[in-house]
Amino acid sequence: MPQPTLSFNSGRVDSRPGIFYNASENSPRISMLKTPLVSALLLALSAGGAIAAPPAFPAEEGPAIKIMTTVFPLAEITRAVAGARAEVGLILPPGAEVHTWQPRFGDVRKLSSLDAFIYIGSGLEPWAGDLLRGAGRPALRVLEIGRTLPLAPLAASDPDDHAHGREGADPHVWLDPVLDQMIADRIADFLSALEPSGAAGFRDRADAFKSVLGGLDRDFQRSLSNCRSRTFIYCGHSAFAYLARRYGLEQVAVFGASPDAAPTPRELASVIDKAKSAGVRTVFFEPGIGEKMARMIAAGAGADTRPLSAGHNLTPAETAAGRTFIDIMRTNLENLKHGLSCR
Ligand SMILES: [Zn+2]
């Protein structure tokens, strides 16, 4: 069992004594001081016990609420809507895969100081239920975005996929900029219920971010309206169905609905045939998952390769570079324009 971090940092002091929360980190870390209260808390946690109600303490200036999210785009939209009213964390460490990641004791403990937890659901985070149960905090407010949106079923070619979409619906809603605007609305409503005094600000910031997302949507529409091809071969898991549907494209995903659902040799041969007969210019790949396979298919089909990021999480390098969700989507658009020969 990982030991609690016993370090001091410059983070803002939480309303409970002895717990620091570093808001500057993408993946928040809670550091603990050796106080009798914390010792008792750790003892209770390590014994699997529920956390007692925190002692009353005067509220401090700064963010009023603490929120944890499960995928990078959700963290970005929540941060945009919450502004300075909330500290928003991403529970995945940089580079972790949302479907294969397993929460550790320290992750369960992160929930002990939270006000809210926002996740996609629909099987995207198969560990979320255990994490919430493990935290044992009935007062924690939870928003499952997937339950508030018109989800599409998984593609018919992915009937047996596990992990992602095991509940039958495709969870990759954030890759459609129109659905992202709905997500911003849902988060503004949720935060307003949580912190009514901030409602006007949440609404204003949601509207501002929706206009950025609206601009992204218009650029996708315009840039992908006149293309030689509308089918893209993707050496990755089938994350782009909402995007493909929105802009009239066809996704041929070599993996299933989850990156650990690797194709059989027969499926791979059929993709190479498809790439050849369609004369594809570019074979796309999921970074960290499908580049080698894309090179192989591209070599057989006389094509090049380009990445398409589904943006579930950032790599450590992307995190260090301060890459945003909008950056990721704009890079995806550039690569699609190239690969589909759009004018
Ligand atoms: Zn996915």
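In this section: unusual backbone geometry. Phi at S122 is positive, roughly 55°, even though this residue is not glycine. Tracing the chain through its elements places S122 in the loop between strand 6 (116–119) and helix 4 (128–135). The buried category is assigned to S122, around which 23 C-beta atoms lie within 10 Å.

Turning to the packing of helix 2 (residues 72–82) against helix 5 (residues 177–194), a few remarks are in order. Relative to each other, helix 2 and helix 5 sit at 55°, their axes nearing to 9 Å. It follows from the interaxial angle that helix 2 and helix 5 lie oblique. Here helix 2 runs over helix 5; the crossing is right-handed. The segment helix 2 lies against helix 5, with I77, T78, V81 and A82 engaging D180, I183, A184, I187, A188 and L191. Partitioned by chemical class, the residues of the contact of helix 2 with helix 5 number eight nonpolar, one polar and one charged.

What links the strands of a sheet is backbone hydrogen bonding, and the strands pair in either a parallel or an antiparallel sense. Pairing in this open sheet of four strands is parallel, and the strands run 9-8-10-11 from one edge to the other. Both edges of this open sheet fall to strand 9 (250–253) and strand 11 (304–307), since each of them pairs with a single strand only. Each adjacent strand pair in this sheet contributes to an overall mean axis angle of 35°, direction not counted. The sheet contacts of helix 8 (residues 265–278) involve strand 8 (231–235), strand 9 and strand 10 (282–285), and relative to strand 8 the element is tilted by about 145°.

Moving on: the sheet that holds strand 7 (residues 141–144). A sheet is described by the order of its strands in space; here four strands give the open sequence 5-4-6-7, paired in parallel fashion. Only two strands of the sheet have a single neighbouring strand rather than two, namely strand 5 (86–90) and strand 7. Taken pair by pair, the neighbouring strands of this sheet meet at an average axis angle of 20°, ignoring direction. As paired strands, strand 4 (residues 65–69) and strand 5 are joined by five bridges and run parallel to one another. What sits directly across from K66, in strand 5, is E87.

Attention now moves to the confidence of the model for the chain. When pLDDT is averaged along the chain, the result is 82; 77% of the residues meet or exceed 70. Contacts for the low-pLDDT stretch residues 1–61, under 50 throughout, to residues beyond four places or in other chains number 79 contacts. Residue range residues 157–163 is modelled with pLDDT below 50. Its contacts to residues more than four positions away, or to other chains, number 14 contacts.

Moving on, we come to helix 4. Within helix 4, the full set of buried residues consists of A128, L131 and A135. Buried residues of helix 4, seen end-on, are gathered within an arc of 65° and therefore sit on one face of the element. Facing away from the buried side of helix 4 by over 90 degrees, the exposed positions are G129 and R133. One or two positions beyond helix 4, positive phi appears at G136, with a value near 55°.

Definitions and cut-offs
Residues numbered from 1 in each chain as written. Predicted model: local features only at pLDDT ≥ 70, side-chain atom pairs only at ≥ 80, totals over all residues. Helix = DSSP H or I, 4+ residues; strand = E, 2+ residues; numbered from the N terminus. Buried ≥ 20, exposed ≤ 12 C-beta atoms within 10 Å, placed from the backbone. Axes fitted to C-alpha atoms, helices over the stretch in contact; angles between N-to-C directions. Parallel < 35°, antiparallel > 145°, perpendicular 65-115°, else oblique. Left-handed = near helix turned anticlockwise from the far one by under 90°. Contact = placed C-beta atoms within 7 Å. Nonpolar A, V, L, I, M, F, W, Y, C, P; charged D, E, K, R; others polar. Pairing = 2+ DSSP bridges. pLDDT = per-residue confidence, 0-100. Arc of directions from axis to C-beta.

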